[in-house]
Amino acid sequence: MGFSNYFSEAQKHHQAQNYAEAESLYRCAVDEEPNHVGAWHHLGLTCAAQDKLSDAASAFQKALNRAPQHVDTLTQLGIVYARQNRLQDAIARFRQAVEIKPDHAKAHNNLGVALTQFGRPEEGTACYREAVRLQPDYAEAHFNLGVSLADRRQHDEAILCYECALHARPDYVDALYNLGLLLVHERRSGEAVILLQHAVRLRPENSEAHNNLSLAYADLGRFEDAVASCDAALRLRPLDAKTHMNRGNALGALGRLDEALASYALAIRLQPDYVNARWNRSLAWLALGNFERGWPEYEWRWQRAEAKTRNFPEPKWDGGPLDGKTILLWSEQGLGDALQFVRYASELKRCGATVWVECPAKMIPLLSRVAGVDRVLPEGAPLPAGFDYQAPLMSLPLFCKTTLADVPAAVPYLSLDPAEVEKWRKELQPSRAFKIGVAWQGNPKHRFDQHRSFSPQWFRTLAMIDGVEIYSLQKGAGTDQLAGVRFPFIELGSRLDESGAFLDTAAVMQGLDLVITCDSALAHLAGALGVPVWVALSHTADWRWLLHREDSLWYPTMRLFRQKKLGDWGPVFEHMREEIKLLRKPTSGIQLEVAPGELLDKLTILQIKSERIADPEKLRNVRSELAVVDETRDRCIGNVAGLPDLVGELKGVNERLWDIENRIRQCEQAQDFSDAFVALARSVYQTNDRRAEIKKQINTLLGAAFREEKDYRG
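Worth saying up front: this structure is predicted, and the values here are computed from it rather than measured.

Draft legend 1. Broad picture of the overall build of the protein. Check the secondary structure of the protein and you find 32 helices and ten strands. Relative to the 2.2 N^0.38 estimate, which gives 27 Å for 714 residues, the radius of gyration of the protein is 35 Å and therefore markedly larger than a compact globule would have. Across the 714 residues in the protein, those meeting the buried criterion constitute 50%. Put simply, 61% of the contacts in the protein that link residues at least 6 apart link residues at least 24 apart. Taken as a whole, the protein presents about 33200 Å² of accessible surface, with 50% of it coming from carbon and sulfur.

Draft legend 2. Layout of the pattern of salt bridges. Evaluation of the coordinates by the stated rule reveals 41 salt bridges. Measuring nitrogen to oxygen at the nearest pair gives 3.4 Å for the salt bridge that ties Arg237 to Asp240. Take Arg237: its relative accessible area is 41%, and that puts it in the partly exposed class. Asp240 sits in the buried class, given a relative accessible area of 13%. Of the charged contacts in the structure, one is a salt bridge between Glu427 and Arg495, with a shortest N-O distance of 2.7 Å. Here Glu427 is found in helix α23 (residues 418-428), whereas its partner Arg495 is found in the loop between β7 (490-491) and α26 (503-510), with 68 residues between them in sequence. For Arg495, a relative accessible area of 40% gives the class partly exposed.

Draft legend 3. Local environment of helix α29 (residues 596-612). Taking 1.5 Å of rise per residue, 17 residues should cover 24 Å, and α29 covers 24 Å from first to last C-alpha, within 8% of that figure. Buried residues of α29: Pro596, Gly597, Leu599, Leu600, Asp601, Leu603, Thr604, Leu606, Ile608, Ser610 and Glu611, and no others. Buried-residue contacts for α29 involve α30 (616-636), α31 (643-669) and α32 (675-701).

Draft legend 4. Just the environment of Arg247, in detail. Along the chain, Arg247 turns up in helix α15 (residues 241-253). Placed 19 residues apart in sequence, Arg247 and Ala228 show a C-alpha to C-alpha distance of 8.6 Å. Arg247 has contacts with Val227, Cys230, Asp231, Leu234 and Ser263, leaving out every residue within four places of it along the chain.

Draft legend 5. Spatial organisation of the sheet that holds strand β3 (residues 375-378). One open sheet accounts for four strands, arranged β3-β2-β1-β4; its pairing is parallel. The open sheet has two edge strands, β3 and β4 (389-392), and neither has a second partner. Pairwise comparison of adjacent strand axes, ignoring direction, gives a mean angle of 25° for this sheet. Relative to β4, strand β1 (residues 326-330) runs parallel, the two being bridged by four bridges. Note that in β4 the partner of Leu328 across the bridge is Gln390.

Draft legend 6. Representation of the packing of aromatic side chains within the structure. This structure, assessed with the given rule, holds 22 aromatic pairs. Judged by centre distance (5.0 Å) and plane angle (90°), the ring pair of Phe673 and Phe677 falls under edge-to-face. For Phe673, a relative accessible area of 48% gives the class partly exposed. One aromatic cluster in this structure is built from Phe291, Trp295, Tyr298, Phe341, Tyr344, Trp543 and Trp554. Positioned over the ring face of Trp279 is Arg304, at 3.7 Å from the centre of the ring. For the cation-ring pair, Arg310 lies above Trp330, with the distance from its terminal atom to the ring centre recorded as 5.5 Å.

Definitions and cut-offs
- Residues numbered from 1 in each chain as written.
- Predicted model: local features only at pLDDT ≥ 70, side-chain atom pairs only at ≥ 80, totals over all residues.
- Heavy atoms only, no water.
- Helix = DSSP H or I, 4+ residues; strand = E, 2+ residues; numbered from the N terminus.
- Rg over C-alpha atoms; globule rule 2.2 N^0.38 Å.
- Buried < 20%, exposed > 50% of the residue type's maximum accessible area, 1.4 Å probe, protein only.
- Contact = heavy atoms within 4.5 Å.
- Areas by Shrake-Rupley, 256 points an atom, 1.4 Å probe, with all protein chains shown as cover.
- Salt bridge = Lys/Arg side-chain N within 4 Å of Asp/Glu carboxyl O.
- Expected span 1.5 Å × (residues − 1).
- Pairing = 2+ DSSP bridges.
- Axes fitted to C-alpha atoms, helices over the stretch in contact; angles between N-to-C directions.
- Phe/Tyr/Trp six-rings, centres within 6.5 Å; stacked < 30°, edge-to-face > 60°.
- Lys NZ or Arg CZ within 6 Å of the ring centre and 35° of its normal.

Given below as structure tokens:
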């Protein structure tokens, strides 16, 4: 046939991807003309296309023996070496190519790939930049640069690189789904869905594109679509652990937790050390109230990339004896989490421990007033010596063996400076309205913030209730939305908490009739204070609120108002409106004039009940009555010097009476009628005498027509 025929026929077969036939013909060609560089080069390409890498390297080397500065051959040999994982040899060939021809964009790009694989990503990035400078329409180089920048979390520039790759090659599927996934991370999931749907259309057999599309759907709250995309991905790759986990996440958001757990189990069976699958499974178990399985699994969070781990020389507490020991509790997650779980300080105190807490410096003034806390230390400062154990706050339920039946829920466990409380109470007290403090925006960085936060406009339906006043407690993120509010409200957020996180907010809450908030740190603050608080919950509510409940195991004074449909806040606020109208509804009971001492006595008793009763139905009744009595106090009794001290003492007396009665009942149950029982019985009338004296002083102070009188004769 001769060299020319062999060579031209080989090229035709190569273009038709008949590589074996092409290889045979190229070998005939080099037999005819052993010094023909192009024939050896094309033979190498054909062998590489068949993954015959050693033969390809040999052919390319023979071409270079005849033409050492043949840049395309140097580049192709470097690619073969990289495929053989001979990265240093590959880097050497690519460097030769760019030295010979500095404007060879492909050589720069391939050098960047090899350097990145060799663990020198910054040099690799510089090579990609040079490649796209030399050839602005070089799609692969733009893509590689995007990957390198995304790996270094330079997301804005990475997005531009992927967009350039797609401009050069609109059907570049890898760029489509990489860009789509990055847009999901940047909370631009609407755009991501369009790109990923296109990627799926172009390459329906690409399971990764289906999986990334599921993430975009989930971020938009389209969880049914997310499940369907995961199912499509799993039909292509049934053993992909990541997709099984993503499917579990979408099912969990739909409230189908048993199905979610099945998906997590499959993911973990395929990859037993799959950290995120185990962590997400823990959240599902906790949401179901299966604390016995949930708390141990929750410890997998420490292996997540974003975990805030700490190294201490002191051992981690494992639930062992603490009598006479000092333990350091440290804050690991958000402010709301710290407020919720610092309650365990009291539990550890009862075990005989001295309790230290480390937290962000701005939280110190507040957490210093938590029951059971002996010392609060600023996060980031050197720790003093003298503690025996340490424990992260959110591991305490595990170490304390908390179950659904014994959640430590005694409130308030957070106290305030009485002077600060009184200062705000005086400012708020002139208003006779039903005062509601509101917040609508949580931390925008929270992964589900777009679902849990809402517009302040939703409070309009509450503000329009006759006799209701709305007080904004929102600070920071979300306050810009107030500019568009068109109903009466009193803005307090800008005046609050200059001396420490939540300090003023907490004091204000004590002077309000009700707090209504999204799922944020303010919900935990109000709950820890034991004030009435309503939380508006998304359909995809956090695990700590469990499923379908209207009360909170963690906070007895809290009510939960849940969406029936994701994103539909209307019914939530309409339900709140009806409940507030019930609270505001005048009592139909007997109307009787009473002395102010009797009214304030009744008020303190109801306050104590609202703090100590856990049964949701009983608590609802107590809160309704408390609202009426509180409103009557505001309307009928003004600010009088000395009155707050007397009322505070009256409440303390009634708290002692509550405790005495409990102890008497315990003695009776145990059939213990010893001297201690007699002393308790005598303390009832002694304490009641003091109670009557305080009420008499209140009546005298206020110039009441009625007086508290007692007269016992032997």
